[in-house]
Amino acid sequence: MKRLVLVGFMGSGKTAVGRRVARLLGVPFVDTDAEIERRAGKPIPDFFAQEGEAAFRDLETQVLADVMRGPLSVVSTGGGALLRAENVAVLRQGGLLVHLGVDAETVLHRTGDRAERPLLAGHPDPIARITELMAARESVYAQADVHVWTVGRSLAELAREVKQAWEERQTVKVCSGLKESP
Ligand code: S3P
């Protein structure tokens, strides 16, 4: 069985949807950003400010690889998790990648004052920044196995759809038509 791995832009709902789907499926939920913060011993904005994005990406790669070696779970990733090809390979090998799609206005709304998102914090024109980052990442999110549009949809509805998409792809197809020799 493959893990259910949620990918997508900041504010697409990966953590909220992931937590809910994990509960529906009765499997553990892992938030890779929370695990990065636990290992770093500090919040992500502090880590970015003190050690830089490259150090963050290195730790992110380690955490993703470790989580994909762990037990079956629903995994919520950071918005930049697919930026490295090696991460994509590790995630695809042990997981079904479900992309939660969102538009720039909704990201702006859902990320509030953006203080917790170092890539968005402090920008004078946040909508332009979000649009630019989204455009640059379009092709990486396109690599997911399943795409779910989240705008205007409830958490309950999204969780059900994601769960169903995962279950449909877990079905072991039994080979029919084989006949026993007489
Ligand atoms: C990032 C997204 C964040 C976090 C970090 C970098 C990104 O996670 O990993 O700030 O590059 O898009 P969320 O998508 O959970 O906000």
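Refer to the structure above for everything that follows.
For clarity, every value in this text was computed on a predicted model and none was experimentally measured. (Residues numbered from 1 in each chain as written. Predicted model: local features only at pLDDT ≥ 70, side-chain atom pairs only at ≥ 80, totals over all residues. Heavy atoms only, no water.)

### Things to note about a negative patch on the surface
Together, Glu 37, Asp 46, Asp 113 and Glu 116 line one region of the surface with negative charge. By the secondary structure assignment, Asp 113 is in the loop between α5 (104-110) and α6 (126-141). (Patch = residues over 30% accessible without salt bridge, like charges linked within 9 Å, V, L, I, M, F, W, Y side chains within 5 Å. Areas by Shrake-Rupley, 256 points an atom, 1.4 Å probe, with all protein chains shown as cover. Salt bridge = Lys/Arg side-chain N within 4 Å of Asp/Glu carboxyl O. Lys, Arg positive; Asp, Glu negative; His and termini not counted. Charge placed at Lys NZ, Arg CZ, Asp CG, Glu CD. Helix = DSSP H or I, 4+ residues; strand = E, 2+ residues; numbered from the N terminus.)

### What to know about the pairing of strand β4 (residues 95-101)
Two faces make up the sheet, and in a regular strand the side chains alternate between them. Of all the 7 residues making up β4, 7 are buried; the element is thus mostly covered by neighbouring parts of the structure. Residues Gly 95, Leu 97, His 99 and Gly 101 line one face of β4 and the alternating positions Leu 96, Val 98 and Leu 100 line the opposite face, and both faces are buried. Judged from the 5 bridges that link them, strand β1 (residues 3-7) and β4 form a sheet pairing that is parallel. Bridged to Leu 4 within β4 is Leu 96. Strand direction decides the pairing type here: β4 and strand β5 (residues 146-149), joined by 4 bridges, are parallel. (Buried < 20%, exposed > 50% of the residue type's maximum accessible area, 1.4 Å probe, protein only. Pairing = 2+ DSSP bridges.)

### Quick word on the packing of helix α1 (residues 14-25) against helix α7 (residues 155-168)
Where α1 contacts α7, the two axes come as close as 9 Å, and the packing angle between them is 60°. Here α1 lies oblique to α7, going by the angle between them. For the pair α1 and α7, the crossing hand works out as right-handed. Here Ala 16, Val 17, Arg 20, Val 21, Leu 24 and Leu 25 of α1 come into contact with α7, specifically with Leu 155, Ala 156, Leu 158, Ala 159, Arg 160, Val 162, Lys 163, Trp 166 and Glu 167. For the contact of α1 with α7, the per-class residue count stands at 11 nonpolar, no polar and 4 charged. (Axes fitted to C-alpha atoms, helices over the stretch in contact; angles between N-to-C directions. Parallel < 35°, antiparallel > 145°, perpendicular 65-115°, else oblique. Left-handed = near helix turned anticlockwise from the far one by under 90°. Contact = heavy atoms within 4.5 Å. Nonpolar A, V, L, I, M, F, W, Y, C, P; charged D, E, K, R; others polar.)

### Considering the pattern of salt bridges
Tallying each qualifying case throughout the model produces 14 salt bridges. Between Asp 66 and Arg 69 there is a salt bridge; the shortest N-O distance is 2.4 Å. Here Asp 66 falls in the partly exposed class, since its relative accessible area comes to 29%. The exposure class assigned to Arg 69 is exposed, which follows from its relative accessible area of 63%.

### Things to note about the environment of Ala 156
Turning to its location among the elements, Ala 156 is positioned in helix α7. Residue Ala 156 is classed as partly exposed on the basis of its relative accessible area of 25%.

### Some points on helix α4 (residues 85-94)
Among all positions in α4, only Asn 87, Val 88, Leu 91 and Gly 94 are buried. Down the axis of α4, the buried set is contained in an arc of 155°. They therefore lie on one face. With respect to the buried face of α4, the exposed residues turned more than 90 degrees away are Ala 85 and Gln 93. Looking at the buried residues of α4, the elements they touch are β1, α3 (44-67) and β4. (Arc of directions from axis to C-beta.)

### Structural notes on the site of the ligand
Looking at the ligand, there are 13 residues lining it, with Lys 14, Asp 33, Arg 57, Gly 79 and Arg 137 nearest. The separation between an oxygen atom of the ligand and a polar side-chain atom of Lys 14 is 2.7 Å. Between Asp 33 and the ligand, the recorded distance is 2.7 Å, taken from a side-chain N or O atom to an oxygen atom. Protein chains shield 94% of the accessible area of the ligand, which is 390 Å² for the free molecule. No other element matches α3, which puts 3 residues into the shell around the ligand. Split by residue class, the shell around the ligand holds 5 nonpolar, 3 polar and 5 charged. (Near = heavy atom within 4 Å. Polar contact = N/O pair within 3.5 Å; in protein donor to acceptor, adjacent residues only side chain to side chain.)

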